[in-house]
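Close look at the chain arrangement
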Amino acid sequence: MKGRCLCGAVEFAISGVLPKLYQCHCSLCRRVSGSSSNAAMIVPMAHFAWQQGQDVIRQYRTETGFKSHFCSQCGSPVPNMTRDNESYWIPAGLLDDPADTQVAMHVYTASKASWDGVLEETSPPSYEAMPPDDEFMTLLQPDKNLIERKK
Ligand SMILES: [Zn+2]
Ligand SMILES: [Zn+2]
């Protein structure tokens, strides 16, 4: 699976079965995405490779540590390493379409914008803030049958 920014200067590739996505409606994700929420996936370091454009990536970090890496030519948010340095956070909108994955949960729905559409109460599940770490990571696991198909 490949992904790229709006201008195409930044390109990356993900190998293996894609994990599921989470969609975050917090105020930081709204500002950094310019939209209702940020849809993203977390990919283990070993499954991620830059193809080009790392030199045009700039970064911004808030006082609280929330970070944004973006293409200095077009402004698209781009992947960045997670705090534990073991995986990459990937903005899902950069992925080529169709991508074999789906939204597993909505988080920070308690702080969603007043104009943000009503979220389904059933599936995918919504959380007012963040679910506990282990629950979060479990929900992001790819479907077992997807993994079988790739074997
Ligand atoms: Zn760009
Ligand atoms: Zn957020």
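Residues numbered from 1 in each chain as written. Chains lettered and ligands numbered in written order. Predicted model: local features only at pLDDT ≥ 70, side-chain atom pairs only at ≥ 80, totals over all residues.

Here we come to the overall build of the chain. Per the secondary structure count, the chain includes 3 helices and 10 strands. Its helices and strands in sequence order give the chain the pattern β-β-β-α-β-β-β-β-β-β-β-α-α, from N to C terminus. Here the C-alpha radius of gyration of the chain, 15 Å, is about what a compact globule of 151 residues would show, namely 15 Å. On the principal axes, the C-alpha backbone points of the chain span a range of 40 × 40 × 30 Å. For the chain, the residues scored as buried account for 23% of the 151 residues in total. Considering only contacts in the chain between residues 6 or more positions apart, those separated by 24 or more positions represent 60%. (Helix = DSSP H or I, 4+ residues; strand = E, 2+ residues; numbered from the N terminus. Rg over C-alpha atoms; globule rule 2.2 N^0.38 Å. Buried ≥ 20, exposed ≤ 12 C-beta atoms within 10 Å, placed from the backbone. Contact = placed C-beta atoms within 7 Å.)

Look at the link from Asp97 to Pro98: it is a cis peptide, with omega at 0°. You will see that Asn85, though not glycine, has its phi angle at about 60°, which is positive. Looking at where Asn85 falls in the secondary structure, it is placed in the loop between strand S8 (80–81) and strand S9 (87–91). Look at Tyr108: it is not a glycine, yet its phi comes out positive at around 55°. You can see Tyr108 is positioned in the loop between strand S10 (103–107) and helix H2 (133–139). With 22 C-beta atoms packed within 10 Å, Tyr108 lands in the buried category.

Another aspect to go through is the sheet that holds S10. Here 5 strands make up an open sheet; going across it, the order is S8-S9-S4-S3-S10 and the pairing mixed. Strand pairing shows two members of the sheet lacking a second neighbour, S8 and S10, which therefore form its edges. Strand direction decides the pairing type here: S8 and S9, joined by 2 bridges, are antiparallel. Bridging from a neighbouring strand, Asn80 pairs with Trp89 of S9. (Pairing = 2+ DSSP bridges.)

Spatial strand order, S1-S2-S5: 3 strands in an open sheet with antiparallel pairing. Whereas interior strands pair on both sides, the edge strands pair on one side only; in this sheet they are strand S1 (2–4) and strand S5 (48–52). This sheet shows a mean twist of 25° between the axes of neighbouring strands, independent of strand direction. As paired strands, strand S2 (residues 11–14) and S5 are joined by 4 bridges and run antiparallel to one another. Directly across from Ile14, in S5, lies its bridge partner Phe48. (Axes fitted to C-alpha atoms, helices over the stretch in contact; angles between N-to-C directions.)

Okay, the environment of Ser35 next. Its location among the elements puts Ser35 in the loop between helix H1 (27–33) and strand S4 (38–44). In this structure, the C-alpha to C-alpha distance between Ser35 and His25, residues 10 residues apart in sequence, is 9.1 Å.

Let us look at the nonpolar core. Tyr22, Met41 and Ile90 are the most contacted members of the largest nonpolar core, which totals 22 residues. Looking at this core, the elements with two or more residues in it are strand S3 (21–24), S4, strand S7 (67–71), S9 and S10. Ignoring any residue separated from it by four or fewer positions in sequence, one finds Met41 in contact with Leu18, Pro19, Lys20, Leu21, Ile90, Ala92 and Thr101. (Core = buried A, V, L, I, M, F, W, Y, C linked by C-beta atoms within 7 Å.)

Glancing now at the pairing of S7. Pairing of strand S6 (residues 57–61) with S7, which is carried by 5 bridges, proceeds in the antiparallel orientation. Within S7, the residue paired with Arg61 across the bridge is Lys67. Hairpin connection between S6 and S7: a loop of 5 residues separates the two successive antiparallel strands, and Gly65 in this loop has a positive phi of roughly 100°.

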